[in-house]
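# Descriptive structure summary
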Amino acid sequence: HATAAAERLISSGSSRSFLRNTYKRNIHASHKTHQAAAGKRNKDLFTPSPFKRSDKINIDDKFTVQRDLREDDNTYGIRQYLLLPRTNDNDDPTQKPTIIASINANKNILFGAQLHAKQSGSDEDYIADYFAACEPLLDIAKEDASINGQQVQALAALNGLCSWVTECLDRDGEGSEVLTSLLHGEQPNTLLDNDKEEQVENRGASGSSNRRARQNVKSQSAKIILNNESDRILMLDAIRAIATGIPRPGHSVVGQGTYRDGAEGWKSLAWEYSNLATVPVDASNGVTGLEEVSLYKSRDGEVAKIEHLASVEVGYLKIAGGAMARMFFV
């Protein structure tokens, strides 16, 4: 199960620092597919893995992509793609390589795109490094994940979702159509299900300190069904508790009941938040935490649905309420 794999394969470990300029020279972060995975649009249903001959692919004279299998020789099971510096014959074979970036996979589902070698600096620097390292890695991982003819999917983290919802709550719903409707007792146009009629709304006012709230939000016209006023209050209280980590009145913890009562509203908010991800990312607008969604969008990924409680890891519950975006590459 992809969700369980995502929880098991949280990458760890430190790496040596690197220069962003090196990335820009040697791994060009463009919106074009990397050459190792290019030219496949007219491929047969089943295509050979790019790792057919070796578990390493040199993508230029500086960097290589390595595939690590986690289930013996099962090439379509749990695995990890690593971006590493290229080595030469003079390097110490006992020295562990510096992991620059990684992407996890299980069958045709990718997840956990992560930059390991981080430098202190601005959000703009981090985003540039993230895309420069992860885009060519994603190109090859996507090609390898399609070898059995299945459509490649991804599970993307929604880091910062709880903070965004809290900010919108503090501003009486400003920045969120869902929260504005729930707070004021209206029937919300949420962001769920399969209605394909889309519109773009700018929900923010100039001068707002909530920069995410000023982003364009793509919305769909499905609806949360609220039978009465008590349902509205129940859902709103649950959403507030999930976002802030503060239990509802009369409750001692933010537990399973809270996540159940807030599920539909939280999924709507997660969809709304996921659509703040832009390509290319404009880090100056303060939207950090959605870089994985933007990464997959840069390679023709589209958010298809929100997985509620996709991860119940304590740290992730605190920053995203457990929600992840399921994306399809089209």
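Residues numbered from 1 in each chain as written. Predicted model: local features only at pLDDT ≥ 70, side-chain atom pairs only at ≥ 80, totals over all residues. Heavy atoms only, no water.

The next thing to look at is the pattern of salt bridges. Under the defined criterion, the tally for this structure stands at 12 salt bridges. One salt bridge connects Asp-261 with Arg-260, and the closest N-O pair in it is separated by 3.5 Å. Residue Lys-267 pairs with Glu-264 through a salt bridge whose shortest N-O separation is 3.3 Å. Of the two residues, Lys-267 and Glu-264 both sit in helix 8 (residues 263-274), 3 residues apart, roughly one turn of that helix. (Salt bridge = Lys/Arg side-chain N within 4 Å of Asp/Glu carboxyl O. Helix = DSSP H or I, 4+ residues; strand = E, 2+ residues; numbered from the N terminus.)

A separate point is the sheet that holds strand 12 (residues 324-329). Ordered by their spatial adjacency, 8 strands build an open sheet running 1-2-3-4-5-6-12-11, and the pairing between neighbours is mixed. Each having just a single partner strand, strand 1 (56-58) and strand 11 (301-307) make up the two edges of the open sheet. When the angles between neighbouring strand axes are averaged without regard to direction, this sheet yields 25°. Of the strand pairs in this sheet, strand 5 (residues 109-115) and strand 6 (residues 153-157) are connected by 3 bridges, and their pairing is parallel. Bridge assignment links Ile-109 to a residue of strand 6, and that residue is Gln-153. Sheet strands touched by helix 3 (residues 123-145): strand 1, strand 2 (63-69), strand 3 (78-85), strand 4 (101-106), strand 5 and strand 12. Its angle to strand 5, the strand with the most contacts, is close to 155°. (Pairing = 2+ DSSP bridges. Axes fitted to C-alpha atoms, helices over the stretch in contact; angles between N-to-C directions. Contact = heavy atoms within 4.5 Å.)

Looking now at helix 4 (residues 161-170). When helix 4 is considered as a whole, its buried residues turn out to be Leu-161, Cys-162, Trp-164, Val-165, Cys-168 and Leu-169. Projected onto a plane normal to the axis of helix 4, the buried residues spread over an arc of 165° and lie on a single side. Asp-172 lies just past helix 4 and shows a positive phi near 60°. (Buried < 20%, exposed > 50% of the residue type's maximum accessible area, 1.4 Å probe, protein only. Arc of directions from axis to C-beta.)

Attention now moves to the packing of aromatic side chains. For the structure shown, the criterion picks out 5 aromatic pairs. For the pair Phe-51 and Tyr-81, a centre-to-centre distance of 5.9 Å together with 35° between the ring planes defines the contact as tilted. One end of the pair, Phe-51, is in the loop between helix 2 (20-26) and strand 1; the other, Tyr-81, is in strand 3, with 30 residues separating them in the sequence. When sorted by exposure, Phe-51 lands in the same class as Tyr-81, which is buried. (Phe/Tyr/Trp six-rings, centres within 6.5 Å; stacked < 30°, edge-to-face > 60°.)

Attention now moves to the environment of Gly-77. Relative to the elements of secondary structure, Gly-77 occurs in the loop between strand 2 and strand 3. In this structure the C-alpha to C-alpha distance between Gly-77 and Asn-106, which are 29 residues apart in sequence, comes to 5.1 Å. Sequence-distant contacts of Gly-77, defined by excluding residues within four places in its chain, comprise Glu-71, Ala-105, Asn-106 and Lys-107.

In short, the description is geometric, and any link to function would need to be established separately.
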